[in-house]
Amino acid sequence: MGKAKKRSFQRGIKDRVSSLSREDAATMAVDMLKSGDNDVYGLVTLFGFSAEELLEAGASYESVVGIKGLLK
């Protein structure tokens, strides 16, 4: 994990979490997509998720296509 990610975790993602695994972040991103939360963009770009990862975590195809510009 790079210095910038560690620094972001120490500050917390909007004070929601202090430590977050990649799997937990994918699940959180899917929940944010389902609720329509705009903070999902920061989480997706922080971890650099691929479309496959989000689909495997339970995201709908339509929501993943909606943010395809952010995905690898």
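What you see is a predicted model, and the numbers here were worked out from it, not measured in a lab.

A.B. asks: Which residues make up the overall build of the protein chain, and what values do they have?
C.D. replies: Scanning the protein chain from N- to C-terminus turns up five helices and zero strands. The order of helices and strands in the protein chain, counted from the N terminus, is α-α-α-α-α. Looking at the protein chain as a whole, 31% of its 72 residues qualify as buried. For the protein chain, restricting intrachain contacts to residue pairs at least 6 apart in sequence, the fraction spanning at least 24 positions comes to 45%. Looking at the protein chain as shown, the accessible area adds up to about 4800 Å², and 49% of this sits on carbon and sulfur atoms.

A.B. asks: So what's going on with the packing of helix 2 (residues 22-35) against helix 3 (residues 40-47)? Residues and values would help.
C.D. replies: Two elements in contact, helix 2 and helix 3, have axes whose closest approach is 9 Å; the angle formed by their N-to-C orientations is 150°. Viewed along their axes, helix 2 and helix 3 adopt a mutual orientation that is roughly antiparallel. Helix-helix and strand crossings are classified by hand; for helix 2 and helix 3 the assignment is left-handed. Along the contact surface, helix 2 presents Arg-22, Ala-25, Met-28, Ala-29, Met-32 and Leu-33, while helix 3 presents Val-40, Leu-43, Val-44 and Phe-47. Residues of the contact of helix 2 with helix 3, tallied by class, amount to nine nonpolar, no polar and one charged.

A.B. asks: Residue-level account of the pattern of salt bridges, with values.
C.D. replies: With the rule as written, the count across this model stands at one salt bridge. A salt bridge links Arg-22 to Glu-53; the nearest nitrogen and oxygen atoms lie 3.0 Å apart. Within this pair, whereas Arg-22 is found in helix 2, its partner Glu-53 is found in helix 4 (residues 51-57), the two being separated by 31 residues in sequence. In this structure Arg-22 comes out as partly exposed when scored by relative accessible area, which is 32%.

Cut-offs applied
- Residues numbered from 1 in each chain as written.
- Predicted model: local features only at pLDDT ≥ 70, side-chain atom pairs only at ≥ 80, totals over all residues.
- Heavy atoms only, no water.
- Helix = DSSP H or I, 4+ residues; strand = E, 2+ residues; numbered from the N terminus.
- Buried < 20%, exposed > 50% of the residue type's maximum accessible area, 1.4 Å probe, protein only.
- Contact = heavy atoms within 4.5 Å.
- Areas by Shrake-Rupley, 256 points an atom, 1.4 Å probe, with all protein chains shown as cover.
- Axes fitted to C-alpha atoms, helices over the stretch in contact; angles between N-to-C directions.
- Parallel < 35°, antiparallel > 145°, perpendicular 65-115°, else oblique.
- Left-handed = near helix turned anticlockwise from the far one by under 90°.
- Nonpolar A, V, L, I, M, F, W, Y, C, P; charged D, E, K, R; others polar.
- Salt bridge = Lys/Arg side-chain N within 4 Å of Asp/Glu carboxyl O.

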